[in-house]
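Below are the chains, spelled out letter by letter.
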Amino acid sequence: MPIVEILILCRVVDNYGDIGFVYRLARALSALDPSLRLALAVSDLTAFSYMAPGLDASKAFQRYCGWDVLDWNAAEQCAAWCRSHGVRLVIECFQCGRPDWLDAYLFGGGLPEGQTARIINLEYLTAEAWAEDFHLLKSGTRSASVKKVNFMPGFTPRTGGLLLERGFMDLLAGRETARERIRRQLAGQAGGLAGQSGLLDPSACNILVFSYEKDFTPLVRALERFHAEGGKPVVYLAPGQGAASFKAACTECAAAGTAGRTAGAPFPLVELPRLDQELWDALLVSCDVAFVRGEESFARACLASRPFLWQAYRQDGAFHLVKVAALLERMRDFFAPDDFSLLAELFLLYNIDNSDAGIDAGKAAGAAAAGGSAADSAEAAEAVAALCPGLLTHLAESGWQDRRLAELAFRFLREGERKAPCFAAFSASLIANGDLAAHLLAYLTSLNP
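All values derive from a computational prediction rather than experimental measurement.

Our next topic: the confidence of the model for the protein. Residues at a pLDDT of 70 or more form 89% of the protein, whose mean pLDDT is 89. Here residues 258-262 scores under 50 on pLDDT; set against residues more than four positions off or in separate chains, the count is 10 contacts.

Below is the structure:
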């Protein structure tokens, strides 16, 4: 029988990334098959409304883009929706779990007798090798009537791939058109941008910064030097967790230096308002260099064919460094050996902060016997040491990391155009893996032929 209803679950943990992916996925699935009946249950409709024009964050239920949008927290209304729609396909995104009202339907007698429901556990994106083994692996539930399977986004043909939705791919194909479009739209945005001149000037190096909180002093120093030496950077700072710490570093460096300053920074700085997802995509595609975070914008940067630097979501025991190292191994073949060594060191240093100082290569031998963060730290140390021998030793030297990070970031900015073809080749390899939404829809259709 045809697919009747797909319920997509999203628990918003990190303001933008989770719901950004879910919104993108829903749009991609609807574009592939307009007859699909999609519903989105979202725990934070306010975060959703930032990127979805016209969505009303105050409503427990609404129709939006042809979908049913449910407030995850409105249990009574959601339970009634389940009973009236007969849920049989659930996409559980990013280990978000299921709300009580859905579990009551699936396991508490709501599912009609003889009917089977299927849960697709759509996992976080990772470049780690286990993603291939985990993809389409079945998982148990507490009812024989509810089947569960894992679906892995990824960087290889043996995973589900990345989302290649039509709108984003059109932006990539028409980068100059996208730049003109974003220039016009940004100029009309609230938040002071209407007075900015030279937005996305093609003669400048346009740099997007979207981050978690961290000490940005080394990066700001690199941008200051790049500006002083004629690199013409214009930094577009996205709102979010890291914006305040980036501006604080800008103010400190501007006060200590002699370069001309704009908005308290030692280089031209544009503070962005919140942008809807389509506008954000156009901006990312239009920039020459991107400093991105998390998963959603990271995945877009991987596809954008331009130099990028990724700040991974921090994990206990510095385990996020294992994920950074796995990504770098996927990128290795697209760069000359010397260029890759410097890139790998830059990625790792950008993701190591003072709280990671305890990672110790010497603990790696005890990883199997250790538990919790100790084992994670050992695995992180092994990953770092394998890519950049000696780096962990240097981290113990006072001030070394800041100096080295500033130097490598400056070289990254200065050599961006030369290395852009390497990033473009990496992007092309990911596009060749095919579209996550198309792969997912094909799998769902196979469950309901």
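Right, let's talk about the sheet that holds strand β11 (residues 269-271) for a bit. With parallel pairing, the five strands of this open sheet are ordered in space as β11-β10-β9-β12-β13. Lying at the two open borders of the sheet, with one neighbouring strand each, are β11 and β13 (308-311). For this sheet, the mean inter-axis angle between neighbouring strands, taken without regard to orientation, is 15 degrees. Across four bridges, strand β12 (residues 289-293) lies against β13 in parallel orientation. Its bridge partner lying in β13, V292 is registered against W310.

This brings us to the pattern of salt bridges. A complete count under the given rule lists 30 salt bridges for this structure. With a closest N to O distance of 3.7 Å, R184 and E180 form a salt bridge. Taken together, the residues span about one helical turn, with R184 and E180 both in helix α7 (residues 175-187) at a distance of four residues. Looking at R184, the relative accessible area reads 55%, which means it is exposed. For E180, a relative accessible area of 34% puts it in the partly exposed group. Within this structure, R24, E165, D281, E296 and R300 form a network of salt bridges that share partners.

Helix α10 (residues 277-286) packs onto α7 with a crossing angle of 125 degrees between their chain directions and a minimal axis gap of 8 Å. In terms of axis orientation, α7 runs oblique to α10. Taken as a pair, α7 and α10 cross one another with a handedness that is left-handed. Across from R175, A178, R179, R181, I182, Q185 and L186 in α7, the residues of α10 making contact are E278, L279, A282, L283, V285 and S286. When the residues that make up the contact of α7 with α10 are grouped by side-chain class, the tally is seven nonpolar, two polar and four charged.

So, on to the nonpolar core. Core analysis: the biggest nonpolar cluster contains 143 residues, and F48, F246, L283, F291 and F308 have the highest contact counts within it. In this structure, F48 is in contact with I19, Y23, L40, V42, L55 and V69, ignoring residues within four places of it in sequence. Counting residues in each nonpolar core, the second largest holds 21 residues, with L70, C78, V87 and A117 among its members.

Okay, the packing of aromatic side chains next. All chains considered together, the criterion is met by 23 aromatic pairs. Their ring planes at 15 degrees and their centres at 6.4 Å tell us that F155 and F426 sit as a pair that is stacked. Taken together, the residues span a long stretch of sequence, with F155 in the loop between β8 (146-151) and α6 (166-173) and F426 in helix α17 (residues 416-432) at a distance of 271 residues. Exposure remark for F426: the relative accessible area of 1% places this residue in the buried category. Ring centres of F210 and W280 lie 5.2 Å apart, and the angle between their planes is 70 degrees; on these two criteria the pair is classed as edge-to-face. Taken together, the residues span a long stretch of sequence, with F210 in the loop between β9 (205-209) and α8 (217-228) and W280 in helix α10 at a distance of 70 residues.

Once that is clear, we can look at the pairing of strand β2 (residues 38-42). Most of β2 is tucked away: five of the five residues are buried. The side-chain alternation of β2 yields two buried faces, one formed by L38, L40 and V42 and the other by A39 and A41. Examined bridge by bridge, strand β1 (residues 6-10) and β2 share five bridges and lie parallel to one another. Opposite I8, over in β2, you have L40 as the bridge partner. One ladder, built from four bridges, connects β2 with strand β4 (residues 67-71); its direction is parallel. Paired with V42 across the strands is D71, a residue of β4.

The element α10 is largely enclosed, with a buried count of nine among its 10 residues. All of the buried residues along α10 are Q277, L279, W280, D281, A282, L283, L284, V285 and S286.

What follows deals with the sheet that holds strand β7 (residues 138-139). If you walk across this open sheet you meet the eight strands as β3-β4-β2-β1-β5-β6-β8-β7, and the pairing is mixed. Every interior strand has two partners, whereas the edge strands, β3 (61-64) and β7, have only one. As judged from the four bridges shared by β3 and β4, these two strands associate in the antiparallel manner. Bridge pairing in β4 places Y64 opposite W67. Its contacts with the sheet put helix α1 (residues 17-32) on β1, β2, β3, β4, β5 (89-93) and β6 (117-122), and the angle it makes with β1 is roughly 165 degrees.

All right, on to helix α9 (residues 243-256) then. Over its 14 residues, α9 extends 20 Å from the first C-alpha to the last, a length consistent with the 20 Å expected when each residue adds 1.5 Å. Buried residues along α9 sit against β9, α8, β10 (233-237) and β11.

Considering the arrangement of structural elements, one finds E5 in the segment before β1. In terms of polar contacts, E5 uses its side chain to reach the side chain of R37, at 3.1 Å. The contacts of E5, once residues within four sequence positions are left out, are R37, L38, A39, W81, H85 and L89.

Before going further, it helps to spend a moment on the state of the cysteines. Under the counting rule described, the total for this entry stands at zero disulfides. Residue C96 stays outside any disulfide, its sulfur separated by 6.2 Å from that of C93, the closest cysteine.

On to the environment of L125, then. Relative to the elements of secondary structure, L125 occurs in the loop between β6 and α5 (130-134). Taking relative accessible area as the criterion, L125 reaches 11% and is therefore assigned buried. Spatially, the C-alpha atoms of L125 and P153 are 5.3 Å apart, while their sequence positions differ by 28 residues. In this structure L125 touches P153, G154, F155, L162, E295, F298 and A299, once residues within four positions along its chain are discounted.

Calculation rules
Within each chain, residues carry numbers counting from 1 in the order of the written sequence. Local features in a predicted model are, by the rule used here, given only for residues with pLDDT of at least 70; side-chain atom pairs are given and counted only at 80 or more, and totals for whole chains, interfaces and linings are based on all residues. As a rule here, side-chain values come from all non-hydrogen atoms in the structure, and water together with hydrogens is ignored. Along the chain, pLDDT gives the predictor's confidence residue by residue, from 0 to 100. Contact criterion: two residues are considered in contact whenever any of their non-hydrogen atoms come within 4.5 Å of each other. Pairing between two strands is assigned when DSSP locates at least 2 bridges connecting them. The helix count covers DSSP runs of H or I at least four residues long, the strand count covers runs of E at least two residues long, and both are numbered beginning at the N terminus. Here the axes come from fitting lines to C-alpha atoms, over the contacting stretch only for helices, and the angles between their N-to-C directions go from 0 to 180 degrees. Put simply, a salt bridge is a Lys or Arg side-chain nitrogen that is within 4 Å of an Asp or Glu carboxyl oxygen. Throughout, exposure labels follow a simple rule: accessible area from a 1.4 Å probe, protein chains only, divided by the maximum for the residue type, with under 20% read as buried, over 50% as exposed, and the rest as partly exposed. Put simply, angles under 35 degrees are roughly parallel, angles over 145 are roughly antiparallel, angles from 65 to 115 are roughly perpendicular, and the rest are oblique. Crossing handedness is read from the near helix: turned anticlockwise from the far helix by less than a right angle, it gives a left-handed crossing, and turned clockwise, a right-handed one. Put simply, Ala, Val, Leu, Ile, Met, Phe, Trp, Tyr, Cys and Pro go in the nonpolar bin, Asp, Glu, Lys and Arg in the charged bin, and everything else, Gly too, in the polar bin. Only buried residues count toward a nonpolar core, which is a set of Ala, Val, Leu, Ile, Met, Phe, Trp, Tyr and Cys residues joined through side-chain atoms within 4.5 Å. Pairs were defined over the aromatic rings of Phe, Tyr and Trp, the Trp ring being its six-membered one, requiring ring centres within 6.5 Å. Orientation was assigned from the angle between planes: stacked under 30 degrees, edge-to-face over 60, tilted for the rest. In this analysis, the expected span of each helix is defined as 1.5 Å times one less than the number of residues it contains. Under this definition, polar contacts are N or O atom pairs within 3.5 Å; protein pairs additionally need one hydrogen-donor-capable and one acceptor-capable atom, and for neighbouring residues in sequence, both atoms have to be side-chain atoms. When two cysteine sulfur atoms are found within 2.5 Å, that pair is recorded as a disulfide.

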